[in-house]
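Chain by chain, the residues run as shown.
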Amino acid sequence: DAMVIQNPRYQVTQFGKPVTLSCSQTLNHNVMYWYQQKSSQAPKLLFHYYDKDFNNEADTPDNFQSRRPNTSFCFLDIRSPGLGDAAMYLCATSRDLADSSYNEQFFGPGTRLTVL
Amino acid sequence: AQKVTQAQTEISVVEKEDVTLDCVYETRDTTYYLFWYKQPPSGELVFLIRRNSFDEQNEISGRYSWNFQKSTSSFNFTITASQVVDSAVYFCALKIGSGDKLTFGTGTRLAVRP
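Residues numbered from 1 in each chain as written. Chains lettered and ligands numbered in written order. Predicted model: local features only at pLDDT ≥ 70, side-chain atom pairs only at ≥ 80, totals over all residues. Heavy atoms only, no water.

K.L.:
Is there a simple way to think about the overall build of chain B in this case?
P.N.:
On a plain count of helices and strands, chain B comes out with zero helices and twelve strands. Taken against the 2.2 N^0.38 rule, which gives 13 Å for 114 residues, the C-alpha radius of gyration of chain B at 14 Å falls within 12% of a compact globule. The buried share of chain B, reckoned over its 114 residues, is 45%. Considering only residue pairs separated by 6 or more positions, chain B has 56% of its internal contacts joining residues 24 or more positions apart. Accessible surface, chain B: about 5,500 Å² in total, of which carbon and sulfur atoms supply 47%. Each charge class in chain B was averaged separately, 12 positive and 13 negative side chains, and the resulting centres sit 3 Å apart. (Helix = DSSP H or I, 4+ residues; strand = E, 2+ residues; numbered from the N terminus. Rg over C-alpha atoms; globule rule 2.2 N^0.38 Å. Buried < 20%, exposed > 50% of the residue type's maximum accessible area, 1.4 Å probe, protein only. Contact = heavy atoms within 4.5 Å. Areas by Shrake-Rupley, 256 points an atom, 1.4 Å probe, with all protein chains shown as cover. Lys, Arg positive; Asp, Glu negative; His and termini not counted. Charge placed at Lys NZ, Arg CZ, Asp CG, Glu CD.)

What follows is the structure in structure tokens.
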């Protein structure tokens, strides 16, 4: 089945120790998104790629970076995790953007990040 | 700016009851898209429906139905004969035609008791 896969499902890191979360998709979608969701809150968009074009949200801290080496994979790098970065990180894809019949987003199962 | 309001933070019903989840949105754009997502305890956001601003037809899918009313800027979601498996957090979301970003509501936690 075509899907969005996130690894690992649970990640524990230490304060200040860089961590990378990964996302892959078999949907062949053009757009990949990273969201941060804290407990009992709505998902918050960090950034997205349309193909190789990177779009950062204005309020995304510099501590968060992303890479998309090819259509299928996208990575979220947290350079120096703080306690406040503990959250669920959701990857999503969509076939197209904005004003399109194919703009619904499909989400992966998420990676829950714990910062000790 | 866009905004989505889900005034119901938590709803608890007994199995087989009908339940309606409210969603009110704000946007100045004439082209926009509305979505509902389900987030079960496992964490994955499951896409349920998309509606564009030019299509006000209500939709029914099994026990799920959606009522889109532009006059009141609402896109409500009704579950008929609720089941325990419907227990989840439900998010309503908005995307404007010229933008890439999904604006989520704060979610409604639905608990269906046996």
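K.L.:
Honestly, the pairing of strand β7 (residues 64-67) of chain A in this entry has me stumped. Any pointers?
P.N.:
If a strand is regular, its side chains alternate between the two faces of the sheet. Burial along β7(A) is one-sided: A:Phe64 and A:Ser66 are buried, and none of A:Gln65 and A:Arg67, which face the opposite way, are. Between β7(A) and strand β8 (residues 73-78) of chain A, which pair antiparallel one after the other, the connecting turn spans five residues. (Pairing = 2+ DSSP bridges.)

K.L.:
Please clarify how the sheet that holds strand β3 (residues 19-25) of chain A should be interpreted in this entry.
P.N.:
Strand-to-strand pairing in sheets goes through backbone hydrogen bonds, with the strands running parallel or antiparallel. Residue and element names in this part refer to chain A. The sheet built from four strands is open, its strands ordered β1-β3-β8-β7 with antiparallel pairing. Every other strand in the sheet has two partners, leaving β1 (4-7) and β7 as the edge strands with one partner each. Averaged over neighbouring strand pairs, the angle between their axes works out to 20° when direction is ignored. (Axes fitted to C-alpha atoms, helices over the stretch in contact; angles between N-to-C directions.)

K.L.:
How should the layout of surface pockets be read in this particular structure?
P.N.:
The rolling of a water-molecule-sized probe over the atoms marks out the regions of remaining empty space. Its boundaries defined by the atoms lining it, the largest pocket holds a volume of some 460 Å³. Considering the residues around the largest pocket, the lining is formed by 24 residues, among which A:Ser40, A:Gln41, B:Gln39, B:Val89 and B:Arg109 are closest to the centre. At the level of elements, β10 (88-96) and β12 (108-113) of chain B are the ones that each hand at least two residues to the lining of the largest pocket. Sorting elements by how many residues they give to the lining of the largest pocket places β10(B) first, with three residues. Estimated volume of the second largest pocket: approximately 200 Å³. What lines the second largest pocket is a set of 13 residues, among which A:Val4, A:Phe106, A:Phe107, B:Glu44 and B:Leu45 lie closest to the centre. Contributing elements (two or more residues each) for the lining of the second largest pocket: β10 (106-107) of chain A together with β6 (46-52) of chain B. Residues of the lining of the second largest pocket, tallied by class, amount to eleven nonpolar, one polar and one charged. (1 Å grid on protein atoms, 1.4 Å probe; cavity = no way out; pocket = protein on both sides within 12 Å on 5 of 7 lines; lining within 4 Å. Points joined across faces, edges and corners; volume = space filled by probe spheres on them. Nonpolar A, V, L, I, M, F, W, Y, C, P; charged D, E, K, R; others polar.)

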